[in-house]
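Structural overview
This is what each chain is made of:
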Amino acid sequence: MSDPQLSAASQEGSGPPSGEAPCGICRLHGDEEAVARDEILRLGPWLLRHHPRPTPLAGWLLLDARRHLGGPIDFLPEEAVAFGPMLQRCSELVQTLTGCGRVYAIAFGEGARHLHVHLIPRHGDDPGSEAWRVADLYRAVSAGERAAAPERQVEQLVRQARELTAAWR
């Protein structure tokens, strides 16, 4: 049986509670340019997208809650049940797209207090993607001290991811 609160909230998305500042993640979900460029899939309460530019690593995906919520503590019961399987499928997708050996799943919720889980490909031959060094890589790319992932490679991965996830619907 479907929860009407979950269905309405997850299908339409939502913004932060009234009185709170606009949420950057909610804005991204409604930004037509960002959607066309980076979005891979909207499925139930989840939205899967590629990391915006500049991209630290090609295949660095983000799994967002479509409903504005701070983290798993705020899940509705059906969101909690759906989260694990969706996280697993999206992690497998990162591995398929990039050929990486591991996929890191990281969610802090401080830069944007809207649940978005970073799914980061860990390549064994790239020490820059190892454990907490990935944060240094992120900062270096953001500061322009290290080159971002090539745009063509990111675009190709997004197209491929859309093709692979089309069957998930």
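Just so you know, these numbers come straight off a predicted model, no measurement behind them.

Remarks on empty space enclosed by the protein
The probe, sized like a water molecule, is rolled over the atoms to show the empty space still left. The full count for this structure, using the stated rule, is one cavity of 30 Å³ or more. Taken as a whole, the largest cavity spans an internal volume of roughly 70 Å³. Taken together, Leu28, His29, Ala34, Val35, Asp38, Glu39, Leu47, Arg49 and His50 make up the full set of residues lining the largest cavity. Looking at the lining of the largest cavity, the elements that each hand over two or more residues are α2 (24-30), α3 (32-38) and β2 (46-50). Of the residues contributing to the lining of the largest cavity, the split by class is four nonpolar, two polar and three charged.

Comments concerning helix α5 (residues 133-142)
Here α5 has its buried residues at Val134, Leu137, Ala140 and Val141. On an axial view of α5, the arc spanned by its buried residues comes to 120 degrees, and they lie on one face. One or two residues past the end of α5 sits Gly144, with phi positive at roughly 80 degrees.

Section: the confidence of the model for the protein chain
Taken as a whole, the protein chain shows an average pLDDT of 90; of its residues, 88% reach a score of 70 or greater. Segment residues 1-11 is flagged for pLDDT under 50; beyond a separation of four residues in sequence, or across chains, it makes 17 contacts in the model.

As for the side chain of Ser129
Here Ser129 lies in the loop between β5 (116-122) and α5. What makes Ser129 buried here is its relative accessible area of 0%. Polar contacts involving the side chain of Ser129 include one to the main-chain amide nitrogen of His123, which spans 3.2 Å. Residues in contact with Ser129, not counting those within four places in the same chain, are Leu57, Tyr104, Pro121, Arg122, His123 and Val134.

Calculation rules
Residues numbered from 1 in each chain as written. Predicted model: local features only at pLDDT ≥ 70, side-chain atom pairs only at ≥ 80, totals over all residues. Heavy atoms only, no water. 1 Å grid on protein atoms, 1.4 Å probe; cavity = no way out; pocket = protein on both sides within 12 Å on 5 of 7 lines; lining within 4 Å. Points joined across faces, edges and corners; volume = space filled by probe spheres on them. Helix = DSSP H or I, 4+ residues; strand = E, 2+ residues; numbered from the N terminus. Nonpolar A, V, L, I, M, F, W, Y, C, P; charged D, E, K, R; others polar. Buried < 20%, exposed > 50% of the residue type's maximum accessible area, 1.4 Å probe, protein only. Arc of directions from axis to C-beta. pLDDT = per-residue confidence, 0-100. Contact = heavy atoms within 4.5 Å. Polar contact = N/O pair within 3.5 Å; in protein donor to acceptor, adjacent residues only side chain to side chain.

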